[in-house]
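Architecture at a glance
If you want the building blocks of each chain, they are given just below.
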Amino acid sequence: MTATELSHHSPTFPLAGRAKDLVGSMIDSSTSLLAAQQHDIVRFAMGSPADEAVPAEEFREIAGSILDHTSFTYGASEGEPRLLDLLVKYLAGTPDPASEDRLVITTGGMQGLDLACKLFVDPGDLVITESPTYTNGSATALSYGAQLLEVPVDDEGMMVDLLPDLVARTHRTPKAIYTIPNFQNPSGVTLSLERRKALLEMAHKWGAVIIDDDPYALLRFSGEEIPTFRTLSPDDPLLFSVRTFSKILAPGWRVGWVDADPALRQLLINGKQAMDTCTNVPNQHIVAEYISRGGLDDHLVSIRELYRIRRDAMLTSLQSHLGEDYTSTNPDGGFFLWVTLQGKYEGLDTRELFEIALAQGVAFIPGPALSPGGHFRNALRLCFASSTPERIDEGVRRLKSALDLALAA
Ligand code: PMP
């Protein structure tokens, strides 16, 4: 067979049944798609920290100093002892303190989600997700064969009051509830106190684990702090918390952690040993050394302010360019806001808009990519975190041109 014939030949692989449930992520794929573009693009698509929010100089200096022999060998599966120790001390000053026997360092938040599903989700299990949701998280549940139940979100987060009815209609008992309580990805909304309490109650009624995925908690820039699940229900065995340094330090390090009942720790370690042995060792040392220097709190104060200014800039630009033809959420923290097209733009499909917008030099994530069922045809997720206010205004101006072109098409 020639090379050309070979490339047209589609072999039959002895694929596992679960391979069909590997649905991929438009969010992640946008990284390579955008990298391949030759023209200037305002990046509202990926949820990346601002370049200015990454302590790059300090990281460079630290990287040079930590690379001794301990960085070049395998590390402990539960995480580097120094990082675990510093993390326990750091968390003591946050709303979610944790002892070391609860913590396992993970390869980003994504691995925490994978471990949660590995431990709790059997094929066919019912898993509740928000709608819209972070579809990498729902994709993880799908990859373990979950059946998803999407529950709508409003300004106070998941509409928990709808849950009993929606669940009753499935004639099943949920096994896990996947929620992003603060400044949800993608909507930017925060789960209210009443709903947190109600969700805890329902989880206990069903014996379902709450996968509490909260990468943005430390990035609140306005409004009142709301008690965390752990504050509301200390030592709750049904709480499985997934955390990451990706949004507060840098996603490229791929360092996160899970906080779970100590009785689960060995299983989590076993899960990691069947997956990646240990999280990247030098990266853990870099994060540990950064924390040990004591600058994390000041860093958080300064990036919160940076992101507040950017949220305001995006809200102002949307208002001035799109007028009455949209609604948007108004997040109190995090990276994202959620725009729903209205008025003259209401009939547009943001999946089609994506290509037009890319040609105009602006990227976002279309609503349907943020719901497992492909809902939210006329909505889009915008990341305000990565661009300066000037670039945000330019990006929204380009978005407006794309909307008008899509309307005329
Ligand atoms: N959960 C949510 C809600 C996220 O927004 C992200 C990152 N976009 C993750 C988990 C994954 O975090 P990490 O990059 O650390 O794997």
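What this report covers is the structure whose coordinates are included nearby. (Residues numbered from 1 in each chain as written. Predicted model: local features only at pLDDT ≥ 70, side-chain atom pairs only at ≥ 80, totals over all residues.)

It is worth spelling out the overall build of the protein at this point. Helix and strand counts for the protein come out as 14 helices and 14 strands. The C-alpha atoms of the protein give 22 Å as radius of gyration, which agrees with the globular expectation for 409 residues (22 Å, within 12%). In terms of overall dimensions, the protein has C-alpha extents of about 65 × 60 × 55 Å along its principal axes. In the protein, which comprises 409 residues, the share counted as buried stands at 46%. Put simply, 74% of the contacts in the protein that link residues at least 6 apart link residues at least 24 apart. (Helix = DSSP H or I, 4+ residues; strand = E, 2+ residues; numbered from the N terminus. Rg over C-alpha atoms; globule rule 2.2 N^0.38 Å. Buried ≥ 20, exposed ≤ 12 C-beta atoms within 10 Å, placed from the backbone. Contact = placed C-beta atoms within 7 Å.)

Right, let's talk about the packing of helix α13 (residues 350-360) against helix α14 (residues 389-408) for a bit. Across the interface, α13 lies against α14 with an axial gap of 9 Å and an inter-helix angle of 130 degrees. With respect to α14, the axis of α13 lies oblique. In this structure, the crossing between α13 and α14 has a hand that is right-handed. Residue-level inspection shows Glu352, Leu353, Ile356, Ala357 and Gln360 of α13 in contact with α14, the latter providing Arg398, Leu399, Ser401, Ala402, Leu403, Leu405 and Ala406. Class assignment for the residues of the contact of α13 with α14 results in eight nonpolar, two polar and two charged. (Axes fitted to C-alpha atoms, helices over the stretch in contact; angles between N-to-C directions. Parallel < 35°, antiparallel > 145°, perpendicular 65-115°, else oblique. Left-handed = near helix turned anticlockwise from the far one by under 90°. Nonpolar A, V, L, I, M, F, W, Y, C, P; charged D, E, K, R; others polar.)

Right, let's get into unusual backbone geometry. Of note, the bond from Ser131 into Pro132 is cis; its omega dihedral lies within 30 degrees of zero at 10 degrees. Along the chain, Pro132 falls in the loop between β3 (126-131) and α6 (135-143). Omega for the peptide link from Asn185 to Pro186 comes to 20 degrees, which places this bond in the cis form. Assignment of secondary structure puts Pro186 in the loop between β6 (176-179) and α8 (193-206). Positive phi is not limited to glycine here, since Phe183 has a value of about 50 degrees. Examined against the element boundaries, Phe183 turns out to sit in the loop between β6 and α8. You will see that Arg254, though not glycine, has its phi angle at about 55 degrees, which is positive. Relative to the assigned elements, Arg254 resides in the loop between β8 (239-244) and β9 (256-259).

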